[in-house]
Structures are given as structure tokens and as C-alpha cells.
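# Observations on chain architecture
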Amino acid sequence: LALSGRQQDAESMRSNASGIGARVSVRTGSQWSLLQTYRNHSGPGQSLQPLAVGLNGEQQADFVSIDWSDGVFQSEIGIASGQLQRITETQRQLSSCPVLFAWNGQEFAFVSDILGVGGMGFFVAPGEYATPRPRESFLLPEDSLRVKDGSYQLKIGEPMEENAYLDTARLAVYDLPPGWQMVLDERMGISGPEPSGEARFYQHEQMPVGAVNDRGEQVLDIVLIADGKAAPVGALDKRFIGRLQHEHILTLEFPQSLDRHEGLPLLVIDGWVEYPYSQTIFAAWQADAAYEAPTLEAFAAGKWHMLHEQFGYPAGMPRRMSVPLTGLPKGTTSLRLRTNMQVYWDRIAVAYTQDLPGYKKQLQPLLSARLGKTGFAKRINHEQFRPDYDYQDLSPFWDTRYMSGYYTRLGNVDELVSAQDDAVAIIGPGEEVHLEFESAGPVPEGWQRYFVLETNGWAKDMDLFTGDGETVGPLPSTGKPEPIRDQLHAKYNTRYQSGY
């Protein structure tokens, strides 16, 4: 066996090119062979050679399991003997955030991911971890949710090697009068302003009439429509996931001054981000290669003004985010986005938000919530790292491991997800919570209906540098009364997983 972390087709590398540090298990019948690619101590006479594995005369190994140096677990089946077998690390998505599926009238279709803002144990610097925000509201795209058997049905699943800790899930229905639209004050907030998650209403928006990037490429046509095709980000820094070789600068020109219209201006963006892992941030920290979150600047009076430094970005897979243009200089006609993160800007506009007393909002009663082990939806990678999942193609197994600890028992979990009380449904790899909400009445003629999934919860992956990434606990908390939480946890979180 000759191992390598480099994948030639993708011209990318997760572990080192020589596979040093990988641990290998070879199974043939009832026999196991355990090997490592390099001894764990220095000394004379060492050289990098393929691993020789005796199979006691068998024609093939039943399977070879590899624990790569970056924590990826990979299995290869039916490896023939008598020849050199070269195995490269699978370049797969280990973790991200819980994934959302919704019944669209024909099938349960992938929507996006949620609770990326609630990531626990994410490495920032030695001894420092990012503070999770355990709430997120998600505006479902138009036509992504329809009634099925008298109810609205959604699924929150984990098709990756990570856990979700779901506290509450609520479905809000907004009905807006003719001519009005809405967006949420949502994003992955970094340095402010802090996202509120609240709805913002508007009738008018300005689209850019010019868009050019740092390489002089005209990209206006790309940023006018939300179609999953984003402005090109430039060359990737192949050393680190989610980082660019150079700063991506996108300059937007608008036909009129952005402060001429009635209402508070709001930058509305459709897009997505390629998240780095904790170990990637650690490696970048070692190399003194910082990740610079998007910064927003405004052009007025002949010069550029800082508006929001490292304000944030779309919190995961494709979604719509917004950021208020507070402090906008008078006479601003151009905006500039700049970042060295792998953030994809799809559609960009400036909306003018106003109070809307006549809108209707209702929370749909939760009819049922069921935890099930349904398998792993097939992941599809489109261009520009845009992810997709096919719920119709489920695999019962995947190269994933469990964090060790107690998970929620399978079955009804209404009590766990119906109230914000820190009592969480703990969802592991290949599992999901199926949610059903009471359907709403008909939409008034000419009005527009929007659906918002309001969630409270957290997520955690098994990255090598994620805090407590090997265990289910310690469980997250926002400080709610412990007796209620502990009673519900004792009742529901009784399913022990040893880690494999």
C-alpha cells in the first residue's frame, strides 16, 4: 500500500503528500493487520516505503481502513494482493452544519444548512474558541415548501461526521400585502453589526449597473440573478480550505445615490461560503496566514469610506443574507466588498426597508417531531464548491464515526424541540429529525407568503482541533433552569454510542 493525501484530479491535498501519520487497518477474514506509514520516533535508517501487508495466501483484503493524519476516516473494499495499491485520500466534506430538506410538492429536496452560527468548539487560536450563537432564522426560498398530507414537512439531518443539538424548531408564516417583499437580518456575524434574525420589509430595491472585480473582470450579469452561479473568487490558496491566494475585491456601482430613497438601506446578498475546519485555522495560524472576513466600504465625496469592517458572510450553504447600511455617507454611489475568504457572491441588491403594520405573521403549531436513523443523503458538488444533496439517494452507511456519549433515543421527540429550554435532541451521523407543522390557510389574493424556520441549537464536528470533538458532551446551555433540562435529557437521551 502506498498512501498519499494528494488527489491529482482535484489538484488539492488534505493530508501530506506522503501519507505520513496515517494509521491503517487491513481485514482478511478474521485476521487483522495494523500498520502505520512511519515510525513515531526519529532514528537512523528510516525511509518512506510502501507498506507490505501479508494476507496469508488470500487473493484480496476484505477491506482496508485508513485513519488519515487530518482525522478523515476512509475505507476501501476488495483490495487485491500481489501488486502495489496506491490509495489517495478521499476529498470529501467531513462536516458543515445540519442540513435542511423540505417537501416541495414532489419530493424532499435539499434547501440549505442551518445552525452554522451555532458551531461549538471551533478553533480560533491556541486556547481560544469561537463563541456560538445558538439561534438562527432561515428564510426558505420561494416554492421550496408545500403541504403534504395536510401539513408542512421538513427534515433536519446530519449526512456528515458531526452532531446537531436541536433545542427548538418553529415554523413562521408571513403574509405580505401586494408589492412588498421581506428578508431577514441574518448572516454569520463577525465584528458587527450583530444580526438580529428579525424580518425586514421593503417595496423598492436598487440593482447595480456595474460590477468589476480586483482582476478587472466585468461580472455584472452574474450578480443580478440568484441562480447558483456566483462571481468568480480568483485563485484558491491550496494550503488552506476556504482561503484565497489574494484578496477578492468586488466593486459595485449603482445608478443613483444610495441615500436618495425613502427607507433604511439594506445590502441583500444571495451566496454561500466554503467553511474551513478547526485544523485548517490552526495550520493558517501557524503560517501567520489570517482569514479576513468580508469588509464593506462605501464611495462618496471622491474617496472610499470604511462602513463595516469584517461584518460577516452567508452562514453556510446557499442562502440569502443581509446587512444594514448604517453610517452610509451622503451621496454614496458605489459599494466595495473585500475578503480573502472563499465566499461566493451570487445576487446583490440594496433594499429600502420600512415599517409594515399590515403584514400577518403566525407560528404554525408543531404536530410531530420524530428522530430516525435514515442514512446519508448523497452529496453532489457543483461548480464553485456549491453543495447539493439528493435525499432520494440514501446510503445506510458512510465512512463516519460517532462521538462517544449518549444520543437521543429514536422516535418521538416533541418534548425536546417544542420549547426553548436547553433540552436538546442530539442528532448523530446518518440521523434526522422529521418535523411536521400544521398547514396555514389560503393566501389573500395578491399577497405574498414567506416561510421562516426559526431554530435554536448548536452543532459540533469531530475535527482534530475542535474543542471536545471526540465526545457528545459537555452539553451546551444558555442558562435555562437545569431541572427541566435534566429531566428531559434523562428521559430521552438514553442511546449510547461508543464512538465507532
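## Examining the side chain of N456
Here N456 is to be found in strand β37 (residues 448-461). With relative accessibility at 7%, the residue N456 sits in the buried group. Within polar-contact distance, the side chain of N456 engages the side chain of R170 at 3.1 Å. Once residues within four sequence positions are removed from consideration, N456 is found in contact with L115, P134, R135, Y165, L166, D167, T168, R170 and Q420.

## Topic: the sheet that holds strand β28 (residues 343-353)
Taking strand neighbours across the sheet as the criterion, the 5 strands line up as β17-β19-β28-β22-β26 in an open arrangement whose pairing is antiparallel. Only two strands of the sheet have a single partner each, and these edge strands are β17 (181-184) and β26 (319-324). Each strand axis lies, on average, 50° off the axis of its neighbour in the sheet, ignoring direction. Bridging between strand β19 (residues 199-206) and β28 involves 4 bridges; their strand directions are antiparallel. Considered in β28, the bridge of E205 is made with A351.

## Description of the nonpolar core
Core analysis: the biggest nonpolar cluster contains 42 residues, and L267, L296, L335, L337 and I348 have the highest contact counts within it. Of all elements in the fold, only β21 (243-253), β22 (264-273), α1 (278-286), β23 (295-300), β26, β27 (334-341) and β28 reach the threshold of two or more residues within this core. By residue number, the principal contributor to this core is β28, which donates 5 residues. Residues contacting L267, with those up to four places away along its chain left out, are L296, M321, S322, V323, L325, L335, L337, I348, A349 and V350. Listed in part, the 32 residues of the second largest apolar core include Y152, V173, V417 and F437.

## A look at α1
Along an α-helix, a turn takes 3.6 residues, which lines up residues three or four apart on a common side. Those residues of α1 lying buried are S278, Q279, T280, I281, F282 and A284. Positive phi shows up at D288, right after α1, with a value of about 55°.

## A short note on the sheet that holds β27
Read across the open sheet, the 5 strands follow the order β20-β21-β27-β23-β24; overall the sheet is antiparallel. Edge strands, defined here as strands with exactly one partner in the open sheet, are β20 (210-213) and β24 (303-308). Going across the sheet, the axis of each strand differs from the next one's by a mean of 25°, ignoring polarity. Examined bridge by bridge, β23 and β27 share 5 bridges and lie antiparallel to one another. Paired with T295 across the two strands is R338, which belongs to β27.

## Here's the deal with the packing of aromatic side chains
Taken as a whole and judged by the stated rule, the model has 20 aromatic pairs. Where Y152 meets F451, the ring centres are 5.0 Å apart and the plane angle is 65°; that geometry is what we call edge-to-face. A residue pair is termed long-range when its members are at least 10 positions apart, and Y152 in strand β15 (residues 151-157) and F451 in strand β37 qualify at 299 residues. Each of the two residues, Y152 as well as F451, counts as buried. With 6.0 Å between their ring centres and 25° between their planes, Y174 and Y359 make a pair best called stacked. With a gap of 185 residues between them, Y174 in strand β16 (residues 162-176) and Y359 in the loop between β28 and β29 (360-364) connect regions that are remote in the sequence. When its relative accessible area of 5% is taken as the criterion, Y174 is described as buried. Residue Y359 is classed as partly exposed on the basis of its relative accessible area, which comes to 32%. A cation over an aromatic ring shows up here: K148 above the ring of W103, its NZ or CZ 4.3 Å from the ring centre. Sitting over the ring of W304, R336 keeps its end group 4.1 Å from the ring centre.

## Considering the environment of T90
Position of T90 relative to the elements: it lies in the loop between β8 (86-88) and β9 (99-103). For T90, a relative accessible area of 29% translates into the label partly exposed. When the C-alpha atoms of T90 and W68 are compared, they prove to be 9.9 Å apart, with 22 residues separating the residues in sequence.

## Points about the pattern of salt bridges
Counted under the stated rule, the structure contains 30 salt bridges. A salt bridge links E436 to R370; the shortest N-O distance between them is 3.6 Å. Here the residue E436 occupies a position in strand β36 (residues 431-438), and R370 occupies one in strand β30 (residues 366-373), the gap between them amounting to 66 residues. Taking the relative accessible area as the measure of exposure, E436 reaches 16% and is therefore buried. Under the relative-accessibility criterion, R370 is labelled partly exposed at 38%. One connected set of salt bridges, linked through shared partners, spans R23, D67, E161 and R401.

## Here's the deal with the pairing of β24
In this structure, β23 lies alongside β24, joined through 5 bridges in antiparallel fashion. In the strand pairing of β24, A298 is matched with H305. Between β23 and the antiparallel strand that follows it, β24, lie 2 residues; A301 among them carries a positive phi value of about 55°.

Rules of the game
Residues numbered from 1 in each chain as written. Predicted model: local features only at pLDDT ≥ 70, side-chain atom pairs only at ≥ 80, totals over all residues. Heavy atoms only, no water. Helix = DSSP H or I, 4+ residues; strand = E, 2+ residues; numbered from the N terminus. Buried < 20%, exposed > 50% of the residue type's maximum accessible area, 1.4 Å probe, protein only. Polar contact = N/O pair within 3.5 Å; in protein donor to acceptor, adjacent residues only side chain to side chain. Contact = heavy atoms within 4.5 Å. Pairing = 2+ DSSP bridges. Axes fitted to C-alpha atoms, helices over the stretch in contact; angles between N-to-C directions. Core = buried A, V, L, I, M, F, W, Y, C linked by side-chain atoms within 4.5 Å. Phe/Tyr/Trp six-rings, centres within 6.5 Å; stacked < 30°, edge-to-face > 60°. Lys NZ or Arg CZ within 6 Å of the ring centre and 35° of its normal. Salt bridge = Lys/Arg side-chain N within 4 Å of Asp/Glu carboxyl O.

Purely geometric stuff here, so don't read any function into it on its own.
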